[in-house]
Amino acid sequence: MHPIPGVEGFMYPNEVELQWSILIVLYPYITGLVAGAFILASLERVFRVSAVKPTYRLALLTALAFLLVAPLPLQLHLGHPERSLEMYLTPHRSSAMAMFGFVYLWYLMVVLLAEIWLDYRADIVHKARTTSGPIGWVYKILTLGSMNVSPAARSIDDRVGYIITIIGIPSAFLLHGYVGFIFGSVKANAWWSTPLMPIVFLFSAMVSGIAAVMLLYHASCLLLKRALDMRCLDTIAKYLFYVFVIDFSLEMLDLVHRIYEADESFRSLDFMVHTRLYTSQVILQILLGTCLPLALLGAAQVLRLAESTRRKLYAVSGVLTLIGIFAMRWNVVIGGQLFSKSYLGYTTYKLQFAAREGLLSSLALMLLPLGILWVLVKLLPPFEEPQAL
Amino acid sequence: MATSRRDVLWEAGKFLILGSAAVSSSPSAAPAPTPAAAPALPAYNPQAHLWGMTIDIEKCIGCGNCVRACEKENDVPEGFFRTWVEHYEIDGADQEHPHVTSPGGGKNGFPPSSDAKAKQFFVPKLCNHCMDSPCVQVCPVGATFDSPDGVVLVDESYCLGCRYCIQACPYGCRYINPAKETVDKCSLCYHRITQGLTTACCEACPTQARQLADLKNPKDPVHEFLRKNKVQVLKPHMATRAKVFYRELDGAVR
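Sequence order as written defines the numbering, with residues in each chain counted from 1. The lettering of chains begins at A and the numbering of ligands begins at 1, in the order of writing. Under the rules for a predicted model, residues below a pLDDT of 70 receive no local features and side-chain atom pairs below 80 are neither given nor counted, while totals for whole chains, interfaces and linings still include all residues.

(A) Inspection of the overall build of chain A at higher detail. Of regular secondary structure, chain A possesses 14 helices and 2 strands. Each principal axis of the C-alpha atoms in chain A carries an extent, and together these give about 80 × 55 × 35 Å. Burial in this document is a count-based property: other C-beta atoms within 10 Å of a residue's C-beta are tallied, and the residue is buried at 20 or more, exposed at 12 or fewer, or partly exposed in between, with C-beta positions derived from the backbone. Within chain A, the proportion of its 389 residues that are buried is 45%. Nonlocal contacts in chain A, meaning residues at least 24 apart in sequence, comprise 80% of its contacts between residues at least 6 apart. Secondary structure elements are defined from DSSP: runs of H or I of at least 4 residues count as helices, runs of E of at least 2 residues count as strands, and each element is numbered from the N terminus. Placing a C-beta atom from the backbone of each residue, one calls two residues in contact when those atoms lie within 7 Å.

The structure is reproduced here in structure tokens:
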């Protein structure tokens, strides 16, 4: 009897191959960045945290760039992507996944595009009037025929934008909490099935989105040779620290609960965390991706550090945080498929390189939002003073 | 053979049309059958059946006939299984760690056991055709559906290949057909049972360990089987209302 390569113990025969690949790791990662970036933007708009104002527009554009890419890993993963429209046309109402399309469209069309358009409208009209050539036409199209930028019209824009942001906050919560629900509601999978999953996903989304915008703000100031607003950076880092503490507490609560309750799945999952998931879970997610950035961000809150030190410290924390949250998504999606539902064995995930669901396409999908963001930043500069009312 | 939702509806439609024709036409008005017409099959009424299966653990000898018959009947691709057989070995009181094997899904039987003292038995597995199927619940487009006669089927012309149902099935019964890129699973040989035949696996079983069961047919032996034996379904805590009933199922089986 020959053992199956990569399999230890007993797997049900159909379980040996993993069903959800790195592309499905990207899906919650990208939507998390969207939700987190939007929530950071709403800090300024709704909660009047004026210190983060320099990142308001950048955060919105970041959210849009990543949101446009969010469905692509799913499409690439489907056996029949040409049938995906059926999810809109004939959705199965009891399916958590079927609602994704509607949540996505709501968030894209009603929240994000509307808010960005209203915020930039005066700038777009100004550029449509002053820019010639094809770019001028792009701006003319972007005005959607509305050239009225009178103070009264701008005041309406502002009020509607404010309402949309208020609607946007629960929508962002819905978008990512819902992604967590897709996993958390699978009762057959002990690694996923917990009511904490949507909450953990939500807070980790905020952590990753805030860290991403913090890094992008940092990077764009360096690239555009603009002065970095340290008060802004300090405030973002402070919020990142607070949200991260909540996120970490929730994850630890989940962990402690599992260890203490030690149900039928515990031995199997515990073994997995100590073996196949050790590097990605213990080392990358918990130690390097959570404890270290938390310690660094905490140090910045407590100690009186020089500006240049804080700047470097924030950059390192941001990168580590993004790695940690990616590892968290990896551990949820891939980890949830490495053990048998019989709790008697384990399989291995073989990440391919140049395949449809391989490393190369994943890297391309992660770089694509940055390319889109670059175009958006060129088209709708986030750091210029908005046209006055 | 794949069964689509259209096929099921067609069968149901045929029943309605034939049934109403039988009711509305008096014997005198009925046209005489033409000599060229094929003999009409008795109409299949999905509403009159509720399909499941009984499995007698003590009768299963692990020969793998069922796996081979299923593979042949349903064009099951190599390396995937609509049905398979597991061999359990339990040493003493260690119920938590049974030694389970299923080489090639048990298709070619099992090698002799090295531990003569251990408790040993075979467990044939297949889709449990649950009444509250998690797979049906999660399918985003309804490509996986419950037929009116209690069989969980897949419409392969509609399946997106998202694999959510595979994640949702607690029993590991589903796989992606690599050629079609759609999900596949045991259809309880729907193309056979709607023609009055039994499933390929039941037909091939030399000890009658597996029996197709019609829970709505009062004359079906399933009722006596359920009444007279200690039966259990797999993973009852999943509350899926599975319809594959095992006689003498050991508590170590998962």
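(B) Expanded view of the overall build of chain B. The secondary structure content of chain B amounts to 7 helices and 11 strands. Relative to its full complement of 254 residues, chain B shows a buried share of 45%. The long-range share in chain B, meaning contacts at least 24 apart out of those at least 6 apart in sequence, stands at 66%.

(C) Just the pairing of strand β1 (residues 51-56) of chain B, in detail. All names here are of chain B. For β1, a buried count of 6 out of 6 residues is recorded, marking the element as mostly surrounded by other parts of the structure. Because side chains alternate across β1, one face comprises the buried residues Trp51, Met53 and Ile55, and the other comprises Gly52, Thr54 and Asp56, equally buried. We treat two strands as partners when DSSP finds at least two bridges between them. Taken together, the 5 bridges between β1 and strand β9 (residues 210-214) define a ladder with antiparallel strand orientation. The partner of Thr54 across the bridge, within β9, is Gln211.

(D) Looking closely at the interface of chain B and chain A. Listed per partner, the contact involves 37 residues of chain B and 31 residues of chain A. Of all the elements in the fold, those that place two or more residues in the side of chain B that touches chain A are β3 (99-101), α3 (134-138), α4 (164-168) and β7 (175-177) of chain B. Sort the elements by how many residues they give to the side of chain B that touches chain A and α4 of chain B lands first, with 4 residues. Here the nonpolar group is Ala, Val, Leu, Ile, Met, Phe, Trp, Tyr, Cys and Pro; Asp, Glu, Lys and Arg are the charged ones; every other residue, Gly included, is treated as polar. Along the lines of polarity and charge, the residues of the side of chain B that touches chain A split into 24 nonpolar, 9 polar and 4 charged.

(E) Highlighting the environment of Ile166 of chain A. Note on placement: Ile166 of chain A falls in helix α7 (residues 151-184). Residues Ile166 of chain A and Leu297 of chain A lie 131 residues apart in sequence; the distance between their C-alpha atoms is 29 Å.

(F) Representation of the sheet that holds strand β11 (residues 244-247) of chain B. Residues and elements named next belong to chain B. Pairing is mixed across the open sheet formed by 4 strands, whose spatial order is β9-β1-β11-β10. Of all the strands in the sheet, the pair left with one neighbour each is β9 and β10 (231-232). Both β10 and β11 contribute to a ladder of 2 bridges, which runs antiparallel. Each bridged residue has a counterpart across the sheet, and for Val231 the counterpart in β11 is Arg247.

(G) Here's a closer look at the confidence of the model for chain B. Residue and element names in this part refer to chain B. Looking at any residue, its pLDDT shows the predictor's confidence there, from 0 to 100. Taken residue by residue, chain B gives an average pLDDT of 89. The fraction at 70 or more is 84%. Considering only residues more than four positions removed or in separate chains, one finds that residues 15-35, a stretch of pLDDT under 50, has 6 contacts. Interface scoring of the predicted complex returns ipTM 0.94; its pTM is 0.91.

(H) Expanded view of unusual backbone geometry. Residues and elements named next belong to chain B. One non-glycine residue with positive phi stands out, namely Asp75, at about 50°. Among the structural elements, Asp75 can be located in the loop between α2 (65-74) and β2 (83-90). In this structure Asp75 comes out as exposed when scored by C-beta crowding, with 11 C-beta atoms within 10 Å. The residue Gln208 is not glycine, and still its phi comes out positive at about 60°.

(I) Representation of the sheet that holds strand β4 (residues 119-126) of chain B. All names here are of chain B. Read from one edge to the other, the open sheet built from 3 strands follows the order β3-β2-β4, with strand pairing classed as antiparallel. Pairing within the sheet leaves two strands with one partner each, and these edge strands are β3 and β4. Taken pair by pair, the neighbouring strands of this sheet meet at an average axis angle of 25°, ignoring direction. Here 8 bridges tie β2 to β4, and the two strands are oriented antiparallel to one another. Orientation is described by axes fitted as lines to C-alpha atoms, over the contacting stretch for helices, and by angles from 0 to 180 degrees between their N-to-C directions.

(J) Seen up close, the pairing of β2 of chain B. Residues and elements named next belong to chain B. In terms of burial, β2 is largely enclosed, as 7 of its 8 residues are buried. Pairing of β2 with β3 involves 3 bridges; the strand directions are antiparallel. Directly across from Glu89, in β3, lies its bridge partner His99.

(K) Spotlight on the nonpolar core. What makes a nonpolar core is a set of buried Ala, Val, Leu, Ile, Met, Phe, Trp, Tyr and Cys residues, with links drawn between C-beta atoms within 7 Å. In terms of nonpolar packing, the biggest core is built from 176 residues, with Val34, Ala63, Ile210 and Leu240 of chain A touching the most fellow members. Of all the elements, helix α1 (residues 22-45) of chain A adds the most residues to this core, at 17 residues.

(L) Up close: the packing of helix α2 (residues 56-69) of chain A against helix α5 (residues 100-130) of chain A. All names here are of chain A. With their axes 11 Å apart at the nearest point, α2 and α5 run at an angle of 145° to one another. Two packed elements cross with a definite hand, and for α2 against α5 that hand is left-handed. In contact with Arg57, Leu60, Ala63, Leu64 and Leu67 of α2, α5 contributes Tyr107, Leu108, Leu112, Glu115, Ile116 and Asp119. Along the lines of polarity and charge, the residues of the contact of α2 with α5 split into 8 nonpolar, no polar and 3 charged. What makes a crossing left-handed is the near helix being turned counterclockwise from the far one by less than a right angle; a clockwise turn instead makes it right-handed.

(M) Layout of the environment of Ala63 of chain A. All names here are of chain A. Relative to the elements of secondary structure, Ala63 occurs in helix α2. Judged by local crowding, Ala63 falls into the buried class, with 32 C-beta atoms found within 10 Å. Separated by 286 residues in the primary sequence, Ala63 and Tyr349 have C-alpha atoms spaced 30 Å apart. If near-sequence neighbours (up to four positions away) are discounted, Ala63 is found in contact with Val34, Ala37, Phe38, Ala41 and Leu112.

(N) Seen up close, α1 of chain A. Expected span, for any helix, means 1.5 Å times one less than how many residues it has. With 24 residues, α1 of chain A ought to run about 34 Å at 1.5 Å a step, and its terminal C-alpha atoms sit 35 Å apart, in line with that. Among the 24 residues of α1 of chain A, 24 are classified as buried, and the element is accordingly described as predominantly covered.

(O) Representation of the packing of helix α9 (residues 230-261) of chain A against helix α11 (residues 278-302) of chain A. Residues and elements named next belong to chain A. Contact geometry for α9 and α11: axes closest at 10 Å, N-to-C directions at 140°. Between α9 and α11, the crossing angle belongs to the class labelled oblique. The crossing of α9 and α11 is left-handed. From α9, Ala237, Lys238, Leu240, Phe241, Phe244, Val245 and Phe248 reach across to α11, where they touch Thr290, Leu294, Leu297, Gly298, Ala300 and Gln301. Looking at the contact of α9 with α11 residue by residue, the class counts come to 9 nonpolar, 3 polar and 1 charged. Angles are sorted into four bins: roughly parallel if under 35 degrees, roughly antiparallel if over 145, roughly perpendicular if 65 to 115, and oblique for all others.

(P) Local environment of the environment of Ile286 of chain A. Residues and elements named next belong to chain A. Along the chain, Ile286 falls in helix α11. Through-space distance from the C-alpha of Ile286 to that of Arg329 is 12 Å; in sequence the pair is 43 residues apart. Every residue in contact with Ile286, bar those within four places of it in the chain, is listed here: Gln281 and Cys291.

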